[in-house]
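One letter stands for each residue in the lines below.
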Amino acid sequence: MSWIAKIGRVGRIVEPADDAPATTVAPPTGVGGSLQLRHVDAGSCNGCELEITGAFCSVYDAERFGARIVASPRHADGLIATGVVTRNMHQPLLNTLKAVPEPRVVIAVGDCACNGGAFARGYGVVGSVADVIPVDVEIPGCPPTPAQIIAALRTVTGR
Amino acid sequence: MTTALPDSPTVPALDKALPAARRAHAQAVASGSVTAALGVLGVALGLSAVFGAPRHLRIGWLLPLVGVIFDLGPLGGFFVAATGAVSIAVGIYAVGYAQREHWARFPLVMLPLFVAAMLLVPAAGSVTTFLLAWELMAAASLVLVLSEHHRAQVRSAGAFYAVMTQLGFAAILLALVVLSAAGGGDAFATIAAGSGGISGGTRTAVFLLTLMGFGSKAGLLPLHAWLPRAHPEAPSPVSALMSAAMVNMGIYGLIRIDLQILGPGPHWWGLTLMVFGALSAVFGVLQASVATDLKRLLAYSTTENMGLVTLALGAATLLSSYGARQVAAMAMTAALLLILAHAAFKTLAFLGAGSVLAATGLRDLDKLGGLARRMPGTTVMFGIAALGASGLPLGAGFVGEWLLLQSLIHSPHENNTLLALTMPLSVGAVALTTGLGIAAMVKAFGVGFLARPRSAAAQAAREAPTSMMAGMALAAAACGVFAVAPAALGPLLKQVLAALPTVGGNEAGPALGAYLRLPGIPGSMSPGLIAVALVVAVLLALGLGRWGLRHRPAAAVVPLWACGADSLSSKMQYTATSFAEPLQRVFDNVLKPETDVEVTHFAESQYLVEKVTYRTLLADPVEQRLYTPVVGAVTAWAHWVRRAHPGSVHLYLAYGALGLLIVLVITR
Amino acid sequence: MSATTGLAVLATALQVLAVVAGAPLVVGGMRQVRARLEGRAGGGIGQPWRDLRKQLRKQQITPQGTTVVFGFAPAVVAGTTLLIAAILPLIALGSPLDPAADLFGVVGLLFLGTVALTLAGLDTGTAFGGMGSSREITIAAPVEPTLLLAVFALSVPGHSANLAAIVSATADNPGQLVSPGSLLAFVALAIVIIAETGRLPVDNPSTHLELTMIHEAMVLEYAGPKLALVEWASGMRLTVLLGLMANLFLPWGVAGAHPSVLAILIGFVAITLKVAVLAGVLAAGEVFIAKLRYFRIPELLAGSFLLALLAVTASYFFATPTN
């Protein structure tokens, strides 16, 4: 039960939120403040995954802006895709997008997903995510910081 | 206009095939209609015996010395009516089934005979008539079980069934002969009148022997093992008759002899019935929940339901022996309701399983699936049966179980340690069977009928013909009546209860109107109102789901989410074995499954696996732990006795002389 | 129809409405309590409502190979929960449906919903759907008997299984709440409510790992409006079961069988407070527990079954005489 004392001692650790940025992409279905995303790793080095995990953890807490990662694309409003699209993950990425119900958005995280990054002309690479599926929001960086990721998510949720 | 086709060695000429097909059709129609007509006769006779005056009939010349006596009272009439109702549905169903499965003439002839024998058993009014009718019933059922005797499993199942039936008959014979000797007569009426004078030791002996014999017929532990062996191998209409009508005869025997004729028994009778009932119920449903053969699952479900009926009978006996006659009447009503509901949903379930078997040739749930699109009618029918078997609201079995639980919890337990201990345990047993029953039925329906076919045979299934659907629809209608309008049975149950004064029959049972009200106890239920309210609630939920309709894009039919893969093969679905595997693990001390994993490596390298074979066998543990040692002991004893048969004629003559001497001495 | 019966019907309607409207708030509140205890800010109490409204506006999807069972299961789950909300004495005792279904009926309806969702999971024909269904049924099999026994133990003092009678008996005779039977029943009931609603330590409602899912795995294939109904129904089941727990053990504030308008309002405020407190305690408890390994859950449920059996036996032997 020393945990209760610890919880009291540590208190709130989440970073204070900045002002809401302008909405660049209309929230799917028009209901703001609710965005469920299915993460797809199309061929990433997992650096962006670590930053996304950081964005959804206690320090940055993307959930307070209405964003959440879900397990099934059927439950999602869109995909959050990382990494350059490799040959093996080309069809699965398309299948995953097809499984998301309309209306949907695609968010590409990291330089690899936006423009191929360091692996742009690799032999096992099909292209960037934008080459394969239509992308609504791009978050450049290698990797982008959690704050940048959250700022981009907030442009969709409007919160 | 016919076209002349050349004769080929494999295809018979059309002009020779047509009359044969017409003959088979006519025979099937004849057999089915006679069975159904016998069923109608049974229902009419049974109901007239329940509501009218009891009927007596004595045919003196049919049997030497004692004659044949028929004595149909309300109790017998109840069972005759139930058997008749089941036979109507089965008879109509058999018309189509016999043609689909190409039944030979002999089973077609035996089917109505079997029904007739079953109708005779509750009508029997004397010991001799009863035993005669019982053996007729057993023999007819054995012949029908062996319909497909060219298959080895059918032959072995038939042999097992024959032995167990005759063992049970031996027990019943002994019991009834002892009863008749002690009661001073052959007719049941005579014995009942003289039952006050039967000594306690005789009563105990008769009770134990009838429990063994009738309990075996009803499928109670530990003599139930014939049920899961005989039912899968018998043709489905026969399985339906056996499970929904014949096992009732075991219960009838228990009620008639032990509760009605032998009168109020000591406390331990009720306790024994309750113990065997609870054990059978829990064991049966446990085996059903891990069975992958559809008909074996249904057979174990019969053991479960008969266990619950016996539990209710035991509770009624125990409670009335303590003077709680009102609650005993409730328990007895619950037993009767459970018998009727079980007859309805078990008939429907076996007929549905037969429809599946006829369409796919499969009983194995691991290979079925996807039947909802190919056989929608059968799916709906089996769904109704599964709902009834699971004991959920809107199912046929719910009201009976509710009444049983109410009678158990309202037993007067103040200053009564035995009741205070047994009633909670019984409620626990009933509740446990409901929980596991849900698992068994969800598995049977979900794996067998939903999703996609797991084999080519299941994929090629097509719907059953009209006569089979009609038989199933009749049983489904009965299930519906029991589910939402059990008030229709109120007068029937009241009359039957009045014929059982030793289990609280003089008291008013629960009032079965639009609301089921318990007499003198605050407690009521209305299945009809629940059904209506549920429909309204579901419509309300559908309405909630339409909120936001105008914002939605167009609906779409899309492929399944296969985690990114292009498609899912039908082998990636859960099978019945995998569905029940966690339950099997939880209960593996009781079930003792045998698993065998065989790994075949490539010849070139021990590190690469070519094939893995997984085998699991769930035998009946009672069979393994009880029957095998007993049979082994009997065989060893028989080998020992063989020493007395060396083959010498002189010795055998001496045996004969000795036997004659003993008989002369005894009869002096 | 007299005015008091009309008010009883009004109280029932208010119950159903409160459950429908309040269930997402209960879920949101529980998530907020967890978030604050973890040092985060959380999405706010209204986040589940936002998610629901959004899901209702999404595309209706029918996966290939599924049947009407898959299509209608969300409505059946939600419908059974709404019916239970109408039967239970949450705000007032005099629900018109109370004589129609007692505790056995309520437990049966609860499991009718579970069975519908389980069949839908099997109907998808995916490996995860079957896995979720198999796990759910393995848990439901011991949970149903324990639920029956636990509430039966509570019905022994009042000599009736109708819920209004149980609640009023407890309200008239609060001393029996500390009897051994009631305490054992409380523990058993708490365990089965956690198991039935899929909370820690039995199931993690916010997991993304399919192999750790029980309830979520059955609904992986649902999208849009059907998903909204399923999530709503889950929240409503949690709310309704917490309300049942609250009124069985803390029955004060519940309006009588013939309530006045003031009594109804007091009953509404009372149940809201009780459910809020119970939900908060449950959520706070979840922060300290990890999920049990799946094959240890039957051990936990067997333990709660034994506790419930002991509760019934204890309530028989230690029953305090009531008038």
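Residues numbered from 1 in each chain as written. Chains lettered and ligands numbered in written order. Predicted model: local features only at pLDDT ≥ 70, side-chain atom pairs only at ≥ 80, totals over all residues.

Enquirer: Give a detailed account of the overall build of chain C, specifying residues and quantitative values.
Expert: Each helix and strand counted, chain C has 11 helices and one strand in total. Along its sequence from the N terminus, chain C presents helices and strands in the succession α-α-β-α-α-α-α-α-α-α-α-α. Among the 323 residues that make up chain C, the fraction classed as buried is 66%. Nonlocal contacts in chain C, meaning residues at least 24 apart in sequence, comprise 81% of its contacts between residues at least 6 apart. (Helix = DSSP H or I, 4+ residues; strand = E, 2+ residues; numbered from the N terminus. Buried ≥ 20, exposed ≤ 12 C-beta atoms within 10 Å, placed from the backbone. Contact = placed C-beta atoms within 7 Å.)

Enquirer: Explain the overall build of chain A to me, and be specific about the residues and the numbers.
Expert: Scanning chain A from terminus to terminus reveals six helices and seven strands. The N-to-C order of helical and strand elements in chain A reads α-β-α-β-β-β-α-β-α-β-α-β-α. Relative to the 2.2 N^0.38 estimate, which gives 15 Å for 159 residues, the radius of gyration of chain A is 16 Å and therefore close to what a compact globule would have. A principal-axis box enclosing the C-alpha atoms of chain A has dimensions of 55 × 35 × 30 Å. Taken over 159 residues, chain A has a buried fraction of 49%. (Rg over C-alpha atoms; globule rule 2.2 N^0.38 Å.)

Enquirer: Outline the sheet that holds strand E5 (residues 524-525) of chain B, listing residues and values.
Expert: Reading across from one edge, E3-E4-E5 (chain B) is the order of the three strands in this open sheet, with antiparallel pairing throughout. In this open sheet, the two edge strands, each paired with only one partner strand, are strand E3 (511-512) and E5 of chain B. (Pairing = 2+ DSSP bridges.)

Enquirer: So what's going on with helix H4 (residues 103-124) of chain C? Which residues, and what values?
Expert: The end-to-end C-alpha distance of H4 of chain C, which contains 22 residues, comes to 32 Å, matching closely the 32 Å that a straight helix rising 1.5 Å per residue would cover. Most of H4 of chain C is tucked away: 22 of the 22 residues are buried. (Expected span 1.5 Å × (residues − 1).)

Enquirer: Tell me about the packing of helix H21 (residues 576-586) of chain B against helix H5 (residues 127-155) of chain C, and name the residues and values.
Expert: Their axes nearest at 8 Å, the elements H21 of chain B and H5 of chain C cross at an angle of 35°. Handedness of the crossing formed by H21 of chain B with H5 of chain C: right-handed. Of the residues in H5 of chain C, those touching H21 of chain B at Ser-578, Phe-579, Pro-582, Leu-583 and Val-586 of chain B are Gly-130, Ser-134, Arg-135, Thr-138 and Ala-141 of chain C. Considering only residue class, the contact of H21 of chain B with H5 of chain C consists of five nonpolar, four polar and one charged. (Axes fitted to C-alpha atoms, helices over the stretch in contact; angles between N-to-C directions. Left-handed = near helix turned anticlockwise from the far one by under 90°. Nonpolar A, V, L, I, M, F, W, Y, C, P; charged D, E, K, R; others polar.)

Enquirer: Which residues make up the interface of chain B and chain A, and what values go with them?
Expert: Interfaces are often sized by the accessible area lost when the parts come together. Residue-level contacts link six residues of chain B with 13 residues of chain A. Its residues assigned to classes, the side of chain B that touches chain A shows three nonpolar, two polar and one charged.

Enquirer: Give a description of the pairing of strand E5 (residues 105-109) of chain A that names residues and reports values.
Expert: Residues and elements named next belong to chain A. For E5, a buried count of five out of five residues is recorded, marking the element as mostly surrounded by other parts of the structure. As defined by bridge partners, strand E3 (residues 78-82) adjoins E5 across five bridges and the pair is classed as parallel. Across the sheet, residue Ile-80 finds its bridge partner in E5, namely Ile-107.

Enquirer: If you had to explain the interface of chain B and chain C to someone new, which residues and values would you point to?
Expert: On the side of chain C, 72 residues touch chain B, which itself brings 69 residues to the contact. Going through the elements one at a time, helix H13 (371-374), helix H15 (398-409), helix H16 (417-449), E5, helix H20 (527-545), strand E6 (556-558) and H21 of chain B are the ones with two or more residues in the side of chain B that touches chain C. Of the residues forming the side of chain B that touches chain C, the biggest block, 16 residues, is contributed by H16 of chain B. Here the side of chain B that touches chain C is composed, by residue class, of 51 nonpolar, 14 polar and four charged. Note that E6 of chain B and strand E1 (residues 61-63) of chain C share three bridges and pair parallel. Residue pairing for E1 of chain C: Ala-556 of chain B is matched across the bridge by Ile-61 of chain C.

Enquirer: So, the sheet that holds strand E7 (residues 137-139) of chain A: which residues are in play, and what are the values?
Expert: Residue and element names in this part refer to chain A. Read across the open sheet, the five strands follow the order E2-E1-E3-E5-E7; overall the sheet is parallel. Both edges of this open sheet fall to strand E2 (67-69) and E7, since each of them pairs with a single strand only. This sheet shows a mean twist of 25° between the axes of neighbouring strands, independent of strand direction. With respect to the sheet, helix H6 (residues 146-157) is in contact with strand E1 (35-41), E2, E5 and E7, its orientation differing from that of E7 by roughly 170°.

Enquirer: Report on the nonpolar core, specifying residues and quantitative values.
Expert: Residues Ala-312, Ala-331, Leu-348 and Cys-479 of chain B are the most contacted members of the largest nonpolar core, which totals 393 residues. Once you skip the residues sitting within four places of it in the chain, Leu-348 of chain B turns out to touch Met-381, Ile-384, Ala-385, Met-472, Ala-475, Ala-476 and Cys-479 of chain B. (Core = buried A, V, L, I, M, F, W, Y, C linked by C-beta atoms within 7 Å.)

Enquirer: Please provide a residue-by-residue account of the pairing of E3 of chain A, values included.
Expert: Residues and elements named next belong to chain A. The buried fraction of E3 amounts to five of the five residues, a majority that puts the element mostly inside the structure. Neither face of E3 is left uncovered, since the one carrying Gly-78, Ile-80 and Thr-82 and the one carrying Leu-79 and Ala-81 both have all their residues buried. Strand direction decides the pairing type here: E1 and E3, joined by five bridges, are parallel. Considered in E3, the bridge of Arg-38 is made with Leu-79.

Enquirer: An account of the environment of Ala-75 of chain C is needed here, citing residue identities and associated values.
Expert: Mapped onto the secondary structure, Ala-75 of chain C falls in helix H3 (residues 68-87). Classification of Ala-75 of chain C by C-beta neighbours within 10 Å gives buried; the count is 23. Each C-alpha atom of the pair Ala-75 of chain C and Gly-94 of chain C lies 27 Å from the other, and the pair is 19 residues apart in sequence. Those residues in contact with Ala-75 of chain C, other than ones at most four positions away along the chain, are Val-538, Ala-541, Leu-542 and Gly-545 of chain B together with Leu-229 of chain C.

Enquirer: Report on helix H9 (residues 236-261) of chain B, specifying residues and quantitative values.
Expert: Residues and elements named next belong to chain B. Along its 26 residues, H9 runs 35 Å from first to last C-alpha, staying within 8% of the 38 Å computed at 1.5 Å per residue. Roughly 35° is the biggest bend found in H9, and it falls at Met-242. Across the 26 residues of H9, 26 count as buried, placing the element largely inside the fold. Once H9 finishes, Gly-263 follows within two positions and takes phi at roughly 75°, a positive value. (Bend = angle between axes of the 7 residues up to and from the residue.)

Enquirer: Go over the environment of Leu-529 of chain B, please, and point to the residues and values.
Expert: Following the sequence through the fold, Leu-529 of chain B ends up in helix H20. Assessed through the 17 C-beta atoms surrounding it within 10 Å, Leu-529 of chain B is described here as partly exposed.

Enquirer: Lay out unusual backbone geometry in plain terms, naming residues and giving numbers.
Expert: For the peptide bond that leads from Cys-142 of chain A to Pro-143 of chain A, omega is -10°, which places it in the cis range. When you line up the elements, Pro-143 of chain A lands in the loop between E7 and H6. Of note, the amide linkage connecting Leu-221 of chain B to Pro-222 of chain B takes the cis form, showing an omega dihedral of -10°. Structurally, the position occupied by Pro-222 of chain B is in the loop between helix H7 (200-218) and helix H8 (226-233). We note that Asn-46 of chain A has phi near 80°; this positive angle belongs to a residue other than glycine. Positionally, Asn-46 of chain A belongs in the loop between E1 and helix H2 (47-55). Judged by the 13 C-beta atoms lying within 10 Å of it, Asn-46 of chain A is partly exposed. Although it is not a glycine, His-102 of chain B adopts a positive phi angle of roughly 55°. Inspection of the secondary structure puts His-102 of chain B in the loop between helix H2 (74-100) and helix H3 (105-123).

Enquirer: Which residues make up the environment of Thr-360 of chain B, and what are the values?
Expert: All names here are of chain B. As for its position among the elements, Thr-360 is in helix H12 (residues 325-360). The spacing of Thr-360 and Ala-461 is 101 residues in sequence and 5.4 Å in space, taken between C-alpha atoms. Beyond its immediate stretch of four places on either side in the chain, Thr-360 contacts Leu-368, Ala-457, Ala-458 and Ala-461.

Enquirer: I'd like a description of the packing of H2 of chain A against H6 of chain A, backed by residues and values.
Expert: All names here are of chain A. It is at 8 Å that the axes of H2 and H6 come closest, and there the two elements cross at 70°. The angle between the axes of H2 and H6 places the two elements in the roughly perpendicular class. In this structure, H2 crosses over H6, and the sense of that crossing is right-handed. Here Glu-51, Ile-52, Gly-54 and Ala-55 of H2 lie close against H6, whose contacting residues are Pro-146, Ile-149 and Ile-150. Looking at the contact of H2 with H6 residue by residue, the classes come out as five nonpolar, one polar and one charged. (Parallel < 35°, antiparallel > 145°, perpendicular 65-115°, else oblique.)

Enquirer: Lay out the confidence of the model for chain C with the relevant residues and their values.
Expert: Residue and element names in this part refer to chain C. On average, residues of chain C carry a pLDDT of 91, and 97% of them reach 70 or more. Mean pLDDT values for the elements of chain C range from 88 in helix H6 (residues 163-172) up to 96 in H3. Complex prediction metrics read pTM 0.93 and ipTM 0.94. (pLDDT = per-residue confidence, 0-100.)

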